[in-house]
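Here is what each chain is made of, one letter per residue.
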Amino acid sequence: MLELSNITKSYTMGANVVYALKGVNLRIEDGEFIAIMGPSGSGKSTLTHILGLLDVPTSGSYQLNGNEISHLTEDNLAILRREEIGFVFQQFNLLPRMSAEENVGLPLLYSESTTGSKFPKELLDRVGLGPRAGHHPNELSGGQQQRVAIARALVNRPRMVLADEPTGNLDSTSEHEILTILKELNAQGITVIIVTHEEEIGKQAKRLIRLRDGVVVSDERQVGSTVPVVQSTPPAPKKVEAKKGASFFTELFAHIGQGFRTLAGNKVRTALSMLGILIGVASVVAMLALGKGAQKAIETQLASLGSNLLILHAGAVRVGGVTQQAGATTRLTYEDSLALKAAIPELNEAAASVNGRVQVTWENKNWSTQLLGGASSYARMHSLVPEIGRFFTDAENLSRARVAVIGATVVREVFEGRSPIGEMIKLNKVPFQVIGILPEKGATGWRDQDDIVVIPVATAMYRLLGKLYLDSIEMEVRSATDVAKAQDDALELMLKRKRVPLSQKDDAFDIRNMADIQEALSASSRTMSTLLAAIAAISLLVGGIGIMNIMLVSVTERTKEIGLRKAIGARRADILFQFLAESVVVSFSGGLAGVILGWLITLGISAVTGWSTSVSPESILLAFGCSAFIGVVFGVYPARKASRLHPIDALRFE
Ligand code: ADP
Ligand code: MG
């Protein structure tokens, strides 16, 4: 039972106000079959929209089953639309990408389905379309589409069916079929209200209401009605408050499923919006993996240097206000290394070293490589004791012997698999005998550590490079706890030996321990990683904005669909959820593809550069989390926009 008192509806169009309804009073009992007629523009549609809760009156009271409509929340209205009312539109308003059966079942998505999943099929049978259940709307005639729409209106077992010119677009045969169905429904106790232009249809109704200029001009019960009397008692009104949505997970899966299908229906657009996220996630994954790989490479390289190591370089000293060449007055000599070892008991070793590049020749082979002149203790200090052959001795160093220990890369390039031990090679045309091969260290990070030739430091200085001074002195401290003291003592001794003025002692020497070096290197590699990740994050952000654009377009394009979904009972939250699900599906699939792509890129770079990169589970989680988060954040705005539309405004949208 419903009752309208003094209902008005006005539209403000610029300066003037148009009244579509000017005070309608109406009482409709359960089980009536009513036809509403009147000239075009008389307010018939406006009245049915208000009756069907698709629109709200400007003033007046509407009571439905004793509930004052103006007191209900928007969600309660949606629930009433879904549970109590079936609306049939002149334009059918079926969703084009769904089959007839899916269209009929659509309202069940929003309701606590008590009818079972077979019900849509049953309803299609009842309107004579059982065999057409799998067809899409564009494969059905107008009359058939309208019958599908009627079946959809019935799927939640409404107590009232409203039809706004349901046969307006149909031929007379279809018109007859539709009318027959509506009569049958009425015979089961369902209230039927039909808006029509046809006097023929009006005559058949039990009650005929005529409108003109927004007021009821006649309202009569007709004796000649052909509608059969109600055979069963009408269904009892359902309680509004008791109705909740379907269970959370059923709803979630239904929405995600729908999201996938809408996206699959628009493949190019979906792919384009995914692209942004894909690139973003791929770069995040790859950047993090490369950063990690570089860091690992640095760490292994440092670890191979040995611990408790101090490295002394000459610094720059100002004499008379002029900055001299590095080491101008503080050059390191071989004697310095001996003095350091002799004077500081904490030192296990103080090894002189020089660097350079040399040309290796053997038979017709030529190879340019790094030269290191070192002390006999070099091998032990750097864990480089040869497994094949031997390292040179102190005696060989003192006698400036021409012996060389060569790295694996040099062996490969120059000897091509033959044994080099005992062979005579030439370094910058000076003959040397190969006495050992350095154990392989691998190419960690930036350079090949096996591309090297090591010879005694004295030989290197006086016989090969013509250097009178050392490049550095490496000191090994006996115990880690003495490193700081040894460092201070070594510096003090060097300042005294070189007679460095007090004012310049800070710049005279550069002495570092491994902790310093490690710290500096990891700090710079951390900065690098952060920078890379930040760049990758920006591309993720851009991807997110792409998704928002596409979703906004999608909302505008599907405004009518949103209106329809609301008309059949979707709550605000349902619409919000639907669009969010779609954007999360896009960003999540994009994220998945991005992780795979990023991983492939990482593998590719590893293969090319030989770095030991690693894609960590955390970086994958991070990328996934980011993409889902972006889907939600950038989906919220379009989804909210969609959910706030009024059903009838959305339906009218062109
Ligand atoms: P009917 O369905 O009887 O042809 P309507 O109820 O659609 O009539 O419209 C009644 C009156 O209200 C008409 O004068 C129409 O121009 C006006 N009207 C309907 N909807 C709107 C709207 N959204 N904005 C402005 N005027 C409207
Ligand atoms: Mg109309």
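Preceding block: the structure.
Here the structure is a predicted model, which means the values were calculated and not measured.

A. Looking closely at the environment of His49. You can see His49 is positioned in helix α1 (residues 44–51). Look at His49 and you get buried, because its relative accessible area is 9%. For the pair His49 and Thr8, spaced 41 residues apart in the sequence, the C-alpha separation amounts to 13 Å. In this view, His49 contacts Leu54, Asp55, Phe87, Asp164, Ile648 and Arg652; residues no more than four positions away in its chain are not counted.

B. Fine view of the sheet that holds strand β10 (residues 215–221). Ordered by their spatial adjacency, six strands build an open sheet running β6-β7-β8-β3-β9-β10, and the pairing between neighbours is mixed. Both edges of this open sheet fall to β6 (85–88) and β10, since each of them pairs with a single strand only. Sheet twist, expressed as the mean angle between neighbouring strand axes with direction ignored, is 15°. Summarising the sheet, strand β9 (residues 207–212) and β10 pair through six bridges and their orientation is antiparallel. The residue bridging Arg210 from the neighbouring strand is Ser218, located in β10. Of the strands in this sheet, β3 (33–37), β6, β7 (160–164), β8 (191–195) and β9 touch α1, which is tilted by about 155° from β7. Where helix α5 (residues 142–154) meets the sheet, its contacts fall on β6 and β7, and the angle it forms with β6 comes to roughly 165°.

C. Here's a closer look at the nonpolar core. Grouped together as the largest cluster of nonpolar side chains are 63 residues, with contacts concentrated most on Leu47 and Tyr62. Sequence-distant contacts of Leu47, defined by excluding residues within four places in its chain, comprise Leu4, Leu21, Val24, Leu26, Ile36 and Leu211. Of all hydrophobic cores here, the second largest spans 45 residues; its members include Leu312, Tyr334, Leu371 and Val410.

D. Inspection of the packing of helix α17 (residues 514–557) against helix α19 (residues 572–609) at higher detail. Relative orientation of the contacting elements α17 and α19 amounts to 145°, with a least axis distance of 11 Å. Regarding α17 and α19, the two cross each other, and that crossing is right-handed. From α17, Ile547, Met551, Ser554 and Val555 reach across to α19, where they touch Phe579, Glu582, Ser583, Val586 and Ser587. The residue inventory of the contact of α17 with α19, partitioned by class, reads five nonpolar, three polar and one charged.

E. Molecular detail of the site of ligand 1. Taken together, Tyr11, Met13, Ala20, Pro39, Ser40, Gly41, Ser42, Gly43, Lys44, Ser45, Thr46 and Arg652 make up the full set of residues near ligand 1. At 3.0 Å from an oxygen atom of ligand 1 is found a main-chain nitrogen or oxygen belonging to Gly43. Between a nitrogen atom of ligand 1 and a side-chain N or O atom of Arg652, the distance comes to 3.2 Å. Bound to the protein, ligand 1 loses 69% of the 550 Å² it would expose on its own. Of the residues assigned to the shell around ligand 1, the class counts are four nonpolar, six polar and two charged.

Each value, and the rule that gives it
- As a convention, each chain's residues are numbered from 1 in the sequence order in which they are written.
- The lettering of chains begins at A and the numbering of ligands begins at 1, in the order of writing.
- Predicted model: local features are reported for residues with pLDDT of at least 70 only, side-chain atom pairs are reported and counted for 80 or more only, and whole-chain, interface and lining totals are derived from all residues.
- The basis for the side-chain values is all heavy atoms of the structure; hydrogens and waters are excluded.
- Working definition: helices are DSSP H or I runs of at least four residues, strands are E runs of at least two. Numbering for both runs from the N terminus.
- Buried residues are those whose accessible area, probed at 1.4 Å on protein chains only, stays under 20% of the maximum for their type, while exposed residues exceed 50% and partly exposed ones sit between those limits.
- Contacts between residues were defined by any pair of non-hydrogen atoms, one from each residue, lying within 4.5 Å.
- DSSP-based pairing: two strands are paired if at least 2 bridges between them are found.
- Axis definition: a line fitted to C-alpha atoms, over the contacting stretch in the case of helices. Angles run 0 to 180 degrees between N-to-C directions.
- Only buried residues count toward a nonpolar core. Its members are Ala, Val, Leu, Ile, Met, Phe, Trp, Tyr and Cys residues joined through side-chain atoms within 4.5 Å.
- A crossing counts as left-handed when the near helix is turned anticlockwise from the far one by less than a right angle, and as right-handed when that turn is clockwise.
- Residue classes follow a fixed rule: Ala, Val, Leu, Ile, Met, Phe, Trp, Tyr, Cys and Pro count as nonpolar, while Asp, Glu, Lys and Arg count as charged, and any other residue, Gly among them, counts as polar.
- In these notes, residues near a molecule or strand are those with any non-hydrogen atom within 4 Å of it.
- Think of a polar contact as two N or O atoms within 3.5 Å of one another; within protein, one of them needs to be a possible hydrogen donor and the other a possible acceptor, and neighboring residues in sequence only count if both atoms come from side chains.
- Here the accessible surface of atoms and residues is derived via Shrake-Rupley with a 1.4 Å probe, and residues count as covered only by protein chains that are part of the display.

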